[in-house]
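Structural overview
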Amino acid sequence: MNTARAAATFEPVGRSVATARAFVRDTLQGWGFSDVVDDAVVLTSELVTNAVIHAGTAADVECLRYDTGVRVEVSDHYPERELPLHDVHRQAHPDHEGGRGLLLCSALATRWGVQYSPETKQVWFHLDLPQRPTGTRSAGPVLPVAALPLTDERVRVAVVQADRNGVITRWNEDASELFGHPSDQVVGKPLGDFAAWPQTPGTGHGIAEALLLSRWEGSYGIRVADGRVQPVYGSHLRVRDTSGEPSTVCLLVLEDERAILQNPTRGTVSRDGSGNERVKAADPFETFIGSPAPDDLDGLLQRTVERARDMLDGDAAYLLLATDDETELEVRASTGLPSARQRFARVPVEAGTGRYGSARMPAVHDDLTAVPGAVPLLAGTGMRSIVTVPLKVEGRLTGSLGVAAESPGRYSNEQALRLQFAADRIALAVESARLTELERLRRGSLSFLVEASDLLAGTLERDQTLALMAQMTVPTLASWCAVYTIAEAAEPELAFVLHEDEDRIDGIKALLSKVQPPAPDPTPGARIWTAPSDAAHSTALRASLRSLGLGEPGRPATGPGTALATAAAVGGETVVLPLVARNRVIGMLTLGKPSDERFRQEILELAEDLSRRAALALDNARLYSERTAISQALQRSLLPPGLPVIPGVEVEVVYRAAGEGNEVGGDFYDVFPIREGCWGFAIGDVCGTGPEAAAVTGLARHALRLLAREGFSGPSVLERLNAAILDEGARSRFLTLLYGELWPQPDGGAILKVVCAGHPLPLRLRQDGTVEAAADPQPLLGVLEDLELVEQTIELAPGDVLLCVTDGVTERREGTRMLGDDGLADVLATCTGLNAGAVAARIQRAVERFASDAPSDDMAILAMRVPE
């Protein structure tokens, strides 16, 4: 049953969020509902933020008191009918500024819901009160006698009072009994002279700071009369005396008797095996963060800034984490700030003037307009006052937590100390979560770099290397990527562009083609490049003006959609990394983010590692392409320019050099005119493959043409070629060669005069299908100085075929099997009636199909046929 009601309306301005929090806090505390105040304020803050900031309407807040709990209703006047899904945790992205209200309702409220009307949308939540005996504000469970704390026969509670300066003004009899100092010896002296305050340098607070807090509990030591340090548990309460001056009352008991003073925890009640209730002590960390605590770093940081903002009734809060060298702080979570200030913005640690600009000590700034630039992160946000405290672990700066307000003079040193205590409680958990995330990122980075290195090493083609560079960065490291290449003494050239949305690629490419490329600075590391973002926004503005009819006269008023989409795609942070290989900048890798997004420091370091590997891969591809182009140009000069047309004779050649990138190997062929009515032909095989064999190939082919056209006979041509090969000395290689001269006959036949110097014998296929060797073997070239060769004559009738091959055909192997001369003859016997081209093609297929693996030797096939 509803027993009380309180309602208020808040205007759609940022300060209304803090006012709404204060309204709910005051209302619930007035009703005696302190146990649910914190959760109610957090939920109200989020829901009012959604109304006045994101929906842009006034917010109506109504609190309803019930016997068992409280119901809070928040209504706005923007009834967008989006039904909340059942599994709310999976629907809203935790980094999104809006939409967390329903997430928190699901996590904190006992019950919650959404109601719509034609004019309003209402989100309500209900918080149940904890079950306690009637008439008690806070009570512990019933414990067995054995579980009660032990004390001396007489319980002594020292009551010590200190004034605003920490000087002792009261010292009771129990204090004298416990510590051995009479009252007249300690009154008027600083309490710090007697307190042994355990503190790690850079973390926590000293006794002077603790005395300024409104309430404090904890353990420390008091130096007794004999010089020992007596461990005590203290409870401090800040009060005002009769004259209105602040002072602190300290209640102290022996550390072993701390249960006498320690406040009951807000932990959960459970039962042991005997049915007795046990209170699970609340962890100070969970007291601030809430339970269950987020299990990921981003969730933990976001919960921290929200709780810090609510704790100090701020309008905004942010948390920064320090880089490894503690020179910069990176924004990792925020609330109440523009989205551009949310993630991964970086500020130097010692920014600004005076202590307000330092992140290493707590700081309070009453009015930011009085010291411009003191807190760069808040420039232009409307925030006037701020309190910042460091996050430290073992004296090392790990981060900074700040809470800001739109009104000046909001915060005091006492609130700074309160925030510092909260920061000390979460610093270790944040650092642990950060190190866990960093280790995960490093493992992922190593895996990424290994995979990237394998991919880059797997290709030596320039265009494919450029494509791989872009594909590895998008979307893993960036939203879009552009690669510039730089040739010798040339300007940077845009070589490749990629965006995670393919529809944006053309727009970005067109934009970058109009922008002056970044300067090829060889300095390692990423540097900011603002030109794409500036150009995109300028283009979008002009397009918008033209669409409104305000553009340049005579230009069409095209829609600004494409320009706006491009501006959004490249509107975030853009960085340039040089591609340096062999002390020269050969290109630049440009990475970009969409609007309001920045790069994490870890991502930039990973991109720098990738750029070094990519630069070497790109340079290797360039060198390989240049070498391949030169090699292929030289090799093409060793091949015949083309096959001549011989009247009355069909000629076909199949040629394949072994080895990747080789166009000419140790095998070669040539068909050329010698004089009127006479053509020369040759097919040979130089020992070995590759460039060295190709060099002898060039010598042989050009020498054959020159000597044949000088009128030398076949034996004389080969004898002189043999002498030229031997003159090469150590570079000489032996050569098998079939050389002949061809005379087509008027009656349709052809006469050939051949010399077979150590080469596989030519085979003649007659019309009746018989196959026979058409010449006798003679010594090969490049071995003997005195070489005597003879010329043999072959007559081809119409329909006959003469087949000449190199040993790459006859020595084709599959295990212990070899094609051989007999196998080649069997294949040729099946070629009756085929023209020269079909004969050469059938021989080639037979060679390739004889074994499953690729041929490892050069191969040349020369087929000549007299048509019927």
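See the structure shown above.
Residues numbered from 1 in each chain as written. Predicted model: local features only at pLDDT ≥ 70, side-chain atom pairs only at ≥ 80, totals over all residues. Heavy atoms only, no water.

Turning our attention to the overall build of the chain. For the chain, the count of helices and strands is 19 helices and 36 strands. Burial statistics for the chain: of 868 residues in total, 46% are counted as buried. Summarising the internal contacts of the chain: among those between residues at least 6 apart in sequence, 61% fall at separations of at least 24. For the chain, the computed accessible surface area is about 41600 Å², with 51% contributed by carbon and sulfur atoms. (Helix = DSSP H or I, 4+ residues; strand = E, 2+ residues; numbered from the N terminus. Buried < 20%, exposed > 50% of the residue type's maximum accessible area, 1.4 Å probe, protein only. Contact = heavy atoms within 4.5 Å. Areas by Shrake-Rupley, 256 points an atom, 1.4 Å probe, with all protein chains shown as cover.)

Bringing the packing of helix α18 (residues 820–829) against helix α19 (residues 836–850) into the picture now. Direction vectors running N to C along α18 and α19 enclose 135°, while the axes themselves pass 10 Å from each other. Taken together, the axes of α18 and α19 lie oblique to each other. Along this stretch, α18 crosses α19, giving a crossing that reads as right-handed. Facing L824, V827 and L828 of α18, the residues of α19 in contact are V839, R842, I843 and A846. Partitioning the contact of α18 with α19 into residue classes produces six nonpolar, no polar and one charged. (Axes fitted to C-alpha atoms, helices over the stretch in contact; angles between N-to-C directions. Parallel < 35°, antiparallel > 145°, perpendicular 65-115°, else oblique. Left-handed = near helix turned anticlockwise from the far one by under 90°. Nonpolar A, V, L, I, M, F, W, Y, C, P; charged D, E, K, R; others polar.)

What follows deals with the sheet that holds strand β4 (residues 111–116). The strand order across the open sheet formed by five strands is β1-β2-β3-β5-β4, and the pairing between neighbours is antiparallel. Two strands close off the open sheet at either side, each with one partner strand: β1 (2–10) and β4. Averaged over all adjacent pairs, the angle separating strand axes in this sheet is 15°, with direction ignored. As defined by bridge partners, strand β2 (residues 59–66) adjoins strand β3 (residues 69–76) across six bridges and the pair is classed as antiparallel. Among the inter-strand pairings, E62 is bridged to a residue of β3, identified as E73. Across the sheet, helix α2 (residues 37–55) is in contact with β1, β2, β3 and β5 (121–128); its angle to β5 comes to roughly 175°. (Pairing = 2+ DSSP bridges.)

So, on to the pairing of strand β18 (residues 385–393). β18 sits mainly inside the fold: nine of its nine residues count as buried. Both faces of β18 are covered, namely the face carrying S385, V387, V389, L391 and V393 and the face carrying I386, T388, P390 and K392. In this structure, strand β17 (residues 363–365) lies alongside β18, joined through three bridges in antiparallel fashion. The residue bridging V364 from the neighbouring strand is V387, located in β18. Two elements, β18 and strand β19 (residues 396–405), share nine bridges in a ladder whose sense is antiparallel. What sits directly across from V389, in β19, is L401. Turn length for the β18-β19 hairpin, with the two strands adjacent in sequence and antiparallel, is two residues, and the turn residue E394 shows positive phi of about 55°.

Examined against the element boundaries, D822 turns out to sit in helix α18. Its relative accessible area of 63% is what places D822 among the exposed residues. Distance from D822 to V771, taken between C-alpha atoms, is 10.0 Å for residues 51 residues apart in sequence.

On to the environment of R701. Residue position: R701 is located in helix α15 (residues 690–709). Along the primary structure R701 and F668 are separated by 33 residues, whereas in three dimensions their C-alpha atoms are 7.9 Å apart. Beyond its immediate stretch of four places on either side in the chain, R701 contacts S637, L638, L639, P640, Y669 and D670.

Among the surface-exposed residues, L143, V145 and L148 lie close enough to one another that they form a single nonpolar patch of about 290 Å² accessible area. On the basis of relative accessibility, which here comes to 46%, the residue L148 falls in the partly exposed class. (Patch = residues over 30% accessible without salt bridge, like charges linked within 9 Å, V, L, I, M, F, W, Y side chains within 5 Å. Salt bridge = Lys/Arg side-chain N within 4 Å of Asp/Glu carboxyl O.)

Turning our attention to the nonpolar core. Among the nonpolar cores identified, the biggest contains 52 residues, and M469, L512, L579 and L591 are the most heavily contacted of them. The element that contributes the greatest number of residues to this core is helix α14 (residues 601–636), accounting for eight residues. In contact with L512, other than residues within four places in its own chain, are W480, A482, Y484, L494, V497, W529 and P532. By size, the runner-up hydrophobic cluster in this structure holds 33 residues, among which are F23, V24, V36 and L127. (Core = buried A, V, L, I, M, F, W, Y, C linked by side-chain atoms within 4.5 Å.)

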